[in-house]
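Inside the fold
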Amino acid sequence: MIEPSPSPAANGDAPGSVGDLRERIDAIDDAMLDLFVQRMALAPALKAAKGGAEGVSALRPSREVRVLQRLIARAGPQIQDQSVIDVWRQIMAASLNAQTEIEVALAGTGDLGRYQDVARRYFGHGVRFTREAEVRVALNRAVDNDRIVAVVPWPRASGSGAWWPCLTETRYHCLTMIGRPPMRGEAEVALFARANLFEPTGQDESLALAYDPHHRLTRCLNAAQLTGRELGRASDKLLLLLDGFVPPDDPRLVEALRSGLDGLRVIGCFSRV
């Protein structure tokens, strides 16, 4: 853990006085800003190292999670975990915005103001937001443009009011769920983009879709040596959460398919920080 070293009082202020403490804080702020400028200056080189990636292809959500996990461990108990998350998410968002242009298409039937606030804490204030009338419209925009991330309510509802069954349609098979803000606590929104971003972080869960008309979920997961639970059901369509990192090419998925979990398809992996 790095701690600033004490500095002598300046301008005649007594050591430990309000004036002295403010002088020291100002010096630390200046040093932090200088480091931020240095970090931002690396954005062009980072973009080049990514092969000039544009749009959502420049995103590295798993890398960001690992960075936050490391910094939280380094900060120790003196700083709240959420404070580390909030500060560095804005720093990482600024770096991403300097590398590429991303637009967020926001939609949902709940509190859109709350959803937008959650998304801004994730993407920063430099990203352009648009509000769409329906979830399907936001998803369509992400399908048609690889610079757009769809931010939609977390897909857990069952029954006729659920929006997630549309993800079983072929049109949306190109979309991947790339995140689930907020990064601590209960998920409120899901991020969908036209990107193949499957990388483990060590604390992962995986979201999947399947057809399960005969309610064979438990048997099929056991046969495939997978564990998980049902999040939502709409007729024969099933939304499930799998424990651990389960990429689309995981051989266990083949065994689950053979056991009767038809159309099983992982649509995203994510980690809570």
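The preceding data block contains the structure.
Fair warning: this is a prediction, and the values are worked out from it, not measured in the lab.

1. Some remarks on a positive patch on the surface
Together, R39, R63, R70 and R74 give the surface a local cluster of positive charge. With respect to the helices and strands, R63 occurs in helix α3 (residues 61–75).

2. Concerning the side chain of Q99
Looking at the element boundaries, Q99 is found in helix α4 (residues 81–99). Separated by 3.1 Å, the side chains of Q99 and K50 make a polar contact. Once residues within four sequence positions are removed from consideration, Q99 is found in contact with A43, L46, K47 and K50.

3. With respect to the side chain of E132
You can see E132 is positioned in the loop between β2 (128–131) and α6 (135–144). Look at E132 and you get buried, because its relative accessible area is 16%. The residues contacting E132, other than those within four sequence positions of it, are A105, L106, A107, V137, A138 and R141.

4. Some points on the pattern of salt bridges
Per the counting criterion, the structure on display carries 20 salt bridges. Connected through salt bridges with shared partners, the residues E103, R128, E132 and R141 form a single ionic network.

5. Considerations on helix α5 (residues 112–123)
Counted at 1.5 Å a residue, the expected span for α5 with its twelve residues is 16 Å, and the 16 Å between its end C-alpha atoms agrees. When α5 is considered as a whole, its buried residues turn out to be L112, Y115, Q116, V118, A119, Y122 and F123. Seen end-on, α5 carries its buried residues on one side only, within an arc spanning 160 degrees. Its side-chain oxygen at 3.1 Å from the backbone nitrogen of G113, D111 defines the N-terminal cap of α5. Of the residues one or two after α5, G124 is the one with positive phi, at around 85 degrees.

6. Quick notes on empty space enclosed by the protein
It is the rolling of a water-molecule-sized probe over the atoms that shows where space remains empty. Evaluation of the coordinates by the stated rule reveals one cavity of 30 Å³ or more. Each pocket or cavity is described by its volume, and for the largest cavity that value is around 160 Å³. Around the largest cavity, the lining is made up of 17 residues, and of these P61, V65, I178, F270 and S271 lie nearest the centre. Looking at the lining of the largest cavity, the elements with two or more residues in it are α3, β4 (176–179) and β9 (262–271). Here the lining of the largest cavity is composed, by residue class, of ten nonpolar, four polar and three charged.

The rules behind the values
- Residues numbered from 1 in each chain as written.
- Predicted model: local features only at pLDDT ≥ 70, side-chain atom pairs only at ≥ 80, totals over all residues.
- Heavy atoms only, no water.
- Patch = residues over 30% accessible without salt bridge, like charges linked within 9 Å, V, L, I, M, F, W, Y side chains within 5 Å.
- Areas by Shrake-Rupley, 256 points an atom, 1.4 Å probe, with all protein chains shown as cover.
- Salt bridge = Lys/Arg side-chain N within 4 Å of Asp/Glu carboxyl O.
- Lys, Arg positive; Asp, Glu negative; His and termini not counted.
- Charge placed at Lys NZ, Arg CZ, Asp CG, Glu CD.
- Helix = DSSP H or I, 4+ residues; strand = E, 2+ residues; numbered from the N terminus.
- Polar contact = N/O pair within 3.5 Å; in protein donor to acceptor, adjacent residues only side chain to side chain.
- Contact = heavy atoms within 4.5 Å.
- Buried < 20%, exposed > 50% of the residue type's maximum accessible area, 1.4 Å probe, protein only.
- Expected span 1.5 Å × (residues − 1).
- Arc of directions from axis to C-beta.
- 1 Å grid on protein atoms, 1.4 Å probe; cavity = no way out; pocket = protein on both sides within 12 Å on 5 of 7 lines; lining within 4 Å.
- Points joined across faces, edges and corners; volume = space filled by probe spheres on them.
- Nonpolar A, V, L, I, M, F, W, Y, C, P; charged D, E, K, R; others polar.

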